[in-house]
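Here is how the chains run, residue by residue.
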Amino acid sequence: MTKRTQRLSERRMPPPGWAKAVVDAAVPGSRDRQLVEVLYSTGARITDVLNLEWRDIEFAHARAFVKQKKNGSWYYMRFSPAALSALTARQKTGMPRPFAMSRATAHRIVRRLCDQAGVKPLGPHGFRHSLARRILDQTGNVRLAQQILGHASVESIMPYTELMPDQVDEAHAKLWK
């Protein structure tokens, strides 16, 4: 295994099932669960989730039109049914924004949930990597991953297309069965 492959697979890329384990570690209905449900379903950067405002969310279409803090481009942040339900419950609390907290607080929440789930301690960005890999594993469609994650260029998706060593081993073994 090369250093680059080791770095991507062992440090940055969440293992399969990581995101679901972190979500399941949170108490249903809690603010923490609501946050990780949104991170899990959207793959959005934490800054974009924290800057989300109620007026941005199109509940009828399960999406929000948001301006990315990183590059200033606009894209649709799409929500799963569980994330939309979490946002609906969150709206009933009367908070001025869905997630009025600092980035540091969000990182602490995700790290604590990682500890509780007994999984690799990654931050909120782990959900972004997890969704990218899920899209590519299930569809193989790089353009779809680009659109869902709001990347300006398809080149930005290329790190997610790198195969993990076990994926290569499994594919090679299938050639000989």
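See the structure above.
Residues numbered from 1 in each chain as written. Predicted model: local features only at pLDDT ≥ 70, side-chain atom pairs only at ≥ 80, totals over all residues. Heavy atoms only, no water.

## Re the pairing of strand E2 (residues 63-67)
In E2, alternate side chains face the same way, and those of Ala64 and Val66 are buried while those of Arg63, Phe65 and Lys67 on the opposite face are not. Between strand E1 (residues 57-58) and E2, which pair antiparallel and follow one another directly, the connecting turn spans 4 residues, one of which, Ala62, has a positive phi of 55°. The pairing of E2 with strand E3 (residues 74-78) spans 5 bridges and is classified as antiparallel. Considered in E3, the bridge of Val66 is made with Tyr75. Once E2 ends, the chain turns through 6 residues before running back antiparallel as E3, passing Gly72 with a positive phi of about 80°. (Buried < 20%, exposed > 50% of the residue type's maximum accessible area, 1.4 Å probe, protein only. Helix = DSSP H or I, 4+ residues; strand = E, 2+ residues; numbered from the N terminus. Pairing = 2+ DSSP bridges.)

## Focus on the environment of Lys20
Its place among the elements puts Lys20 in helix H2 (residues 18-25). Residues Lys20 and Glu37, spaced 17 residues apart in sequence, show a C-alpha to C-alpha distance of 9.1 Å.

## Notes on the layout of surface pockets
One number sums up the size of the largest pocket: a volume of about 430 Å³. Along the walls of the largest pocket sit 20 residues, with Pro14, Pro15, Pro16, Arg133 and Asp137 positioned nearest its centre. Those elements that provide at least two residues to the lining of the largest pocket are H2, helix H7 (125-139) and helix H10 (165-175). Among the elements that line the lining of the largest pocket, the one with the most residues is H7, at 5 residues. In this structure, the second largest pocket is lined by 13 residues; those nearest its centre are Tyr40, Ser41, Ser80, Leu131 and Arg134. Put simply, the parts of the chain that give the lining of the second largest pocket at least two residues each are helix H3 (31-42) and H7. When its residues are assigned to classes, the lining of the second largest pocket shows 6 nonpolar, 4 polar and 3 charged. (1 Å grid on protein atoms, 1.4 Å probe; cavity = no way out; pocket = protein on both sides within 12 Å on 5 of 7 lines; lining within 4 Å. Points joined across faces, edges and corners; volume = space filled by probe spheres on them. Nonpolar A, V, L, I, M, F, W, Y, C, P; charged D, E, K, R; others polar.)

## Things to note about the nonpolar core
Counting residues in hydrophobic clusters, the biggest one holds 34 residues, and the most contacted among them are Leu35, Met77, Phe79 and Phe127. Mapped by element, the contributors of at least two residues to this core are H2, H3, helix H4 (46-50), E2, E3, helix H5 (81-91) and helix H6 (103-117). Counting residues per element, this core draws most heavily on H6, which supplies 5 residues. Excluding residues that lie within four positions of it along the chain, Phe79 makes contacts with Val38, Ser41, Thr42, Leu52, Ile57, Ala62, Arg63, Ala64, Leu84 and Leu87. Met13, Ile135, Leu136 and Ala145 belong to the second-largest nonpolar core, a separate cluster that totals 9 residues. (Core = buried A, V, L, I, M, F, W, Y, C linked by side-chain atoms within 4.5 Å. Contact = heavy atoms within 4.5 Å.)

## Description of H7
Relative to the 21 Å expected for 15 residues at 1.5 Å per residue, H7 spans 21 Å between its end C-alpha atoms, a close match to the ideal helical length. Every buried residue belonging to H7 is among Gly126, Phe127, Arg128, His129, Ser130, Leu131, Ala132, Arg133, Ile135 and Leu136, and all of these are buried. Trailing H7 by a residue or two, Gly140 shows a phi angle of about 70°, which is positive. (Expected span 1.5 Å × (residues − 1).)

## Let's talk about helix H8 (residues 142-149)
Within H8, the full set of buried residues consists of Ala145, Gln146 and Leu149. For H8, the angular spread of buried residues about the axis comes to 100°, placing them on one side. Each element contacted by the buried residues of H8 is listed here: H3, E3, H7 and helix H9 (158-161). At the N-terminal boundary of H8, the capping side chain belongs to Asn141, with an oxygen 3.0 Å from the backbone nitrogen of Arg143. Positioned one or two residues after H8, Gly150 has a phi angle of 75°, which is positive. (Arc of directions from axis to C-beta. Polar contact = N/O pair within 3.5 Å; in protein donor to acceptor, adjacent residues only side chain to side chain.)

## Thoughts on the pattern of salt bridges
Under the definition given, this model contains 8 salt bridges. One salt bridge connects Lys20 with Asp24, and the closest N-O pair in it is separated by 3.0 Å. Of this pair, Lys20 and Asp24 both sit in helix H2, 4 residues apart, which is roughly one turn of the helix. Assessed through its relative accessible area of 44%, Lys20 is described here as partly exposed. In this structure Asp24 comes out as partly exposed when scored by relative accessible area, which is 43%. The partner of Asp32 in a salt bridge is Arg31, with the nearest N and O atoms 3.2 Å apart. Three or more residues are tied together by salt bridges with common partners; here these are Arg31, Asp32 and Arg112. (Salt bridge = Lys/Arg side-chain N within 4 Å of Asp/Glu carboxyl O.)

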